[in-house]
Amino acid sequence: MTTIPVRGNPTRGLTTATFAFFAGLTTIVLYGVAGPSFKDSLGLTGGHLGLMLAAPHLSKSLLRIPFGAWVDQVGGRLPFLILLGLSSLGLIGVATTLLLTLPDGLDSSYYNLFVLFGVLGGAGGATFSVGVPQTSYWFPRHEQGWALGVYAGVGNIGPGVFNLLIPVLIASVGLAAAYSAWAAFMLVALLVYAATAVDPYVFQLLRRGHPLEGARDEARALGQEVFPSGSALGSLAAAARLPRTWALVLLYTVSFGGGFTALTAWFPTYWNEFHHFGMIGAGAMAAVFTVYGSLIRVPGGSMSDRLGGEVVAVASFLVMALGSILLAVASGPALAFLGMMVLGTGMGVANAAIFKLVPAYVPSAVGGASGLIGGIGGLGTIAILPVLGAFTDHYGHIGYARGYSVFIVLSLLCAIGAALLSIRRPPAQEPVTPDAGEAGGTPPASAASAARSTS
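Residues numbered from 1 in each chain as written. Predicted model: local features only at pLDDT ≥ 70, side-chain atom pairs only at ≥ 80, totals over all residues. Heavy atoms only, no water.

(A) Region of the structure containing the environment of leucine 295. Along the chain, leucine 295 falls in helix H14 (residues 279-295). Along the primary structure leucine 295 and glycine 149 are separated by 146 residues, whereas in three dimensions their C-alpha atoms are 8.4 Å apart. Every residue in contact with leucine 295, bar those within four places of it in the chain, is listed here: Gly153, Val154 and Ile157. (Helix = DSSP H or I, 4+ residues; strand = E, 2+ residues; numbered from the N terminus. Contact = heavy atoms within 4.5 Å.)

(B) Highlighting the packing of helix H1 (residues 10-25) against helix H9 (residues 175-196). Taken N-terminus to C-terminus, the directions of H1 and H9 make an angle of 160 degrees; their axes are 10 Å apart at the nearest point. Put simply, H1 runs roughly antiparallel to H9. Crossing angle aside, the handedness with which H1 passes H9 is left-handed. Contact residues: H1 offers Arg12, Thr16, Ala17, Phe19, Ala20, Phe22, Ala23 and Gly24, while H9 offers Phe185, Met186, Ala189, Val192, Tyr193 and Thr196. (Axes fitted to C-alpha atoms, helices over the stretch in contact; angles between N-to-C directions. Parallel < 35°, antiparallel > 145°, perpendicular 65-115°, else oblique. Left-handed = near helix turned anticlockwise from the far one by under 90°.)

(C) Expanded view of the environment of glycine 125. Looking at where glycine 125 falls in the secondary structure, it is placed in the loop between helix H5 (111-121) and helix H6 (127-138). Counting along the chain gives 249 residues from glycine 125 to glycine 374, while the straight-line C-alpha distance between them is 9.8 Å. Once you skip the residues sitting within four places of it in the chain, glycine 125 turns out to touch Gly24, Leu25, Thr27, Ile28, Lys60 and Arg64.

(D) Main features of the environment of alanine 350. Note on placement: alanine 350 falls in helix H17 (residues 333-361). On the basis of relative accessibility, which here comes to 0%, the residue alanine 350 falls in the buried class. On a C-alpha basis, the gap between alanine 350 and serine 304 in space is 9.3 Å, while along the polypeptide they are 46 residues apart. Once residues within four sequence positions are removed from consideration, alanine 350 is found in contact with Ser255, Ser316 and Phe317. (Buried < 20%, exposed > 50% of the residue type's maximum accessible area, 1.4 Å probe, protein only.)

(E) Spotlight on the packing of aromatic side chains. Summed over the entire model, instances satisfying the criterion amount to 30 aromatic pairs. Judged by centre distance (5.0 Å) and plane angle (80 degrees), the ring pair of tryptophan 138 and tyrosine 201 falls under edge-to-face. Highlighted residues: tryptophan 138 in helix H6 and tyrosine 201 in helix H10 (residues 201-207), separated in sequence by 63 residues. With respect to class, tryptophan 138 is no different from tyrosine 201; both count as buried. Ring geometry for phenylalanine 267 and tyrosine 404: centres 6.2 Å apart, planes at 25 degrees, overall stacked. (Phe/Tyr/Trp six-rings, centres within 6.5 Å; stacked < 30°, edge-to-face > 60°.)

(F) Broad picture of the pattern of salt bridges. On inspection of all chains with the given rule, the structure shows two salt bridges. The partner of aspartate 199 in a salt bridge is arginine 207, with the nearest N and O atoms 3.0 Å apart. The exposure class assigned to aspartate 199 is buried, which follows from its relative accessible area of 3%. Of the charged contacts in the structure, one is a salt bridge between aspartate 217 and arginine 220, with a shortest N-O distance of 2.8 Å. Of this pair, aspartate 217 and arginine 220 both sit in helix H11 (residues 212-222), three residues apart, which is roughly one turn of the helix. (Salt bridge = Lys/Arg side-chain N within 4 Å of Asp/Glu carboxyl O.)

(G) Expanded view of H9. Between its first and last C-alpha, H9 extends 32 Å over 22 residues, near the 32 Å set by a 1.5 Å rise per residue. Every buried residue of H9 is listed here: Leu175, Ala176, Ala178, Tyr179, Trp182, Ala183, Met186, Ala189, Leu190 and Tyr193. Residues of H9 that are buried make contact with H1, helix H2 (35-42), helix H4 (77-101), H6 and helix H8 (157-173). (Expected span 1.5 Å × (residues − 1).)

(H) Structural view of empty space enclosed by the protein. Enumeration according to the criterion identifies one cavity of 30 Å³ or more in this entry. Taken together, Phe128, Val132, Leu148, Gly149, Tyr151, Ala152, Arg297, Asn351, Ala352 and Phe355 form the lining of the largest cavity. Broken down by secondary-structure element, the contributors of at least two residues to the lining of the largest cavity are H6, helix H7 (144-155) and H17. Counting residues per element, the lining of the largest cavity draws most heavily on H7, at four residues. (1 Å grid on protein atoms, 1.4 Å probe; cavity = no way out; pocket = protein on both sides within 12 Å on 5 of 7 lines; lining within 4 Å. Points joined across faces, edges and corners; volume = space filled by probe spheres on them.)

In structure tokens, the structure reads:
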């Protein structure tokens, strides 16, 4: 047992990472909740609206790669703080612009400025790839599916909550005040995380002067089982060399990075324009999808622990295809709602299954793999949102339904890919070189218990 005091425990690590991810991810719907208002005020086409909705997803995706890998070098606390700070600046920019231009001065000349602030605000969405390795390093292997399911499931309800809350605020206090409140929330979240978060044991020991191997031994005695490589570039390179990483990139792109997050931003416009719901009603429908699809990741993670991530992924992508078919043919709200919920079920469970596989497939470079998967996969949103908008420009009103045909094709392709991936599943523990950072063996039960009670 280490003689150097360390702070925190797995529960605290999971709670703070989930909270930071919850706050940061709200920005992926930065404009989606008020999409109809911005479309009218700025005079946007469907394609231009899609690009504006996608702006936060650009930084969300690109920043996930370096920041996810950076966790393997410095821990997750500092990357979380930087990303939440950038996101706060973006929201302050949006709120300030609205305060200075409304009610009569907002027009198309501000479009590029809002895109710029959207890119800056979207940095908060990159917290996803920071929290995955941060959580993985706190928990033993046999609890990875559950812990990551809680992290991703609870954290992902942030966009749903704001899809519901912001339209209510807009209706009651106006657009500028609503975004001002959002900016204030982000600043408070930044301060709360700064005051409560700590890094996993090995990072604390390294900062206190322990050599790498000594820090691993000390942390292993406390119950830590999964360890970083210690190098951001090394973690990225190690993950990139494995074909399994790129297979997971594809599956994540469709299930979450280009799928779930795109629909989270698109559904308010879909329900408003296609089914003629008011802003609050459309936001509520989008919130139901986001919250449900996020929370179902928790049982999805436990299911993946029991049945295996590959099996659960195949079944989930088939469910996604079914939900997409229902949305593509639905002309009324009842069938569309059913399709949305079926699609959300498949997306949520599939994503839990995918991140159950990350520590198993890439055990020595979880941060690098999370960065590549979250970053490159997240770029799918930037492609999908304009495509959905282009369907409406080309087909007119019915294009809001026909656009979901994109998800039918992608879901079926991923079901085949997940099935092929299961044929050559890696062993539970792969041998790695000492400098890759993977620890072998399971700590004694007493050590694990002591780690969980450490304050």
